[in-house]
Amino acid sequence: MVRSLGITVPDSVASERDPLEVLRWSGSHAPTAVKQVDDALCAAELRAVELAAPTPYGHEVIVAAHRTGVQVAVVSNNSAAAVAAYLAMQQLSECVTPIVGRPYADPAAMKPHPGPILVAARSLGVTPRECVLVGDSLTDIESARAAGARVIGYANRPWKVTAFVAADAVITSMQDVLLT
C-alpha cells in the first residue's frame, strides 16, 4: 500500500509482519503517507475483530474487576474503534471505560510512549501510580514504567517469561489475576 503511494520502502519494512511497525516506519520515513497507512490499518483491525480469539480468562478478569468496583481501562496501540468493536462483540463494553487507542497518524505517541497511559489515568481520576497495567508486550512494560504505573507482564509466549524481567510481576495465564 505504501509503495502504491510512490514511496520507496526498504525490503525489511516490506517484509515486516507487524503492521504497527510499518505504521511506525511511515511516521518517521514517510510522513506524507502516515494518514493513509493508519486508515488502512484501522480498516484492517475492524475486519480482524471478527476473527479475534479471546484471551483465556480475560473476560472473567474484566467482569470480576467491574463487579468489585475496580475501574478498567484499555490502553492499546490498536485503534480505539477496533477495541470498542471487540469489547462490544464480547459483551464487555459496559465494563471498560475509557478506551485509549493509538493516537491517529502519530505513531511516535504510541506505546512505549507514556502518553496513552497518562490519558487513561487522568480519565479514571487517578494517578498513574494507582494504576496497574497488564500487558503482553515489551512496549507495554516500557510505557508503564515511563508513566509511573505498576505493570504485570502477561507472558503469553514462553520466551516472554524472561523477557519481562522489568515488570513488577509476570503471569502466564490471566487466571492468575483472578487468584490474586
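These lines cover the structure that appears in this document, whether it is placed above or below. This structure is a prediction, so every number in the text was calculated from the model and none was measured.

Let us now look at the packing of helix α2 (residues 19–29) against helix α3 (residues 34–48). Between α2 and α3, the shortest axis-to-axis distance is 9 Å and the interhelical angle comes to 165°. Considering the angle they form, α2 stands roughly antiparallel to α3. Relative to α3, the crossing made by α2 is left-handed. Together, P19, L20, L23, S26 and G27 of α2 and V34, V37, D38 and L41 of α3 make up the contact between the two elements. Looking at the contact of α2 with α3, its residues break down into six nonpolar, two polar and one charged.

With that out of the way, let us pick up a nonpolar patch on the surface. Taken together, the side chains of Y57, L178 and L179 define a hydrophobic patch exposed on the protein surface, amounting to about 290 Å² of accessible area. Relative to the assigned elements, Y57 resides in the loop between α3 and α4 (58–67).

This paragraph deals with the side chain of S173. Tracing the chain through its elements places S173 in the loop between β5 (169–171) and α9 (175–178). Excluding residues that lie within four positions of it along the chain, S173 makes contacts with Y57 and Y154.

Conventions adopted
Residues numbered from 1 in each chain as written. Predicted model: local features only at pLDDT ≥ 70, side-chain atom pairs only at ≥ 80, totals over all residues. Heavy atoms only, no water. Axes fitted to C-alpha atoms, helices over the stretch in contact; angles between N-to-C directions. Helix = DSSP H or I, 4+ residues; strand = E, 2+ residues; numbered from the N terminus. Parallel < 35°, antiparallel > 145°, perpendicular 65-115°, else oblique. Left-handed = near helix turned anticlockwise from the far one by under 90°. Contact = heavy atoms within 4.5 Å. Nonpolar A, V, L, I, M, F, W, Y, C, P; charged D, E, K, R; others polar. Patch = residues over 30% accessible without salt bridge, like charges linked within 9 Å, V, L, I, M, F, W, Y side chains within 5 Å. Areas by Shrake-Rupley, 256 points an atom, 1.4 Å probe, with all protein chains shown as cover. Salt bridge = Lys/Arg side-chain N within 4 Å of Asp/Glu carboxyl O.

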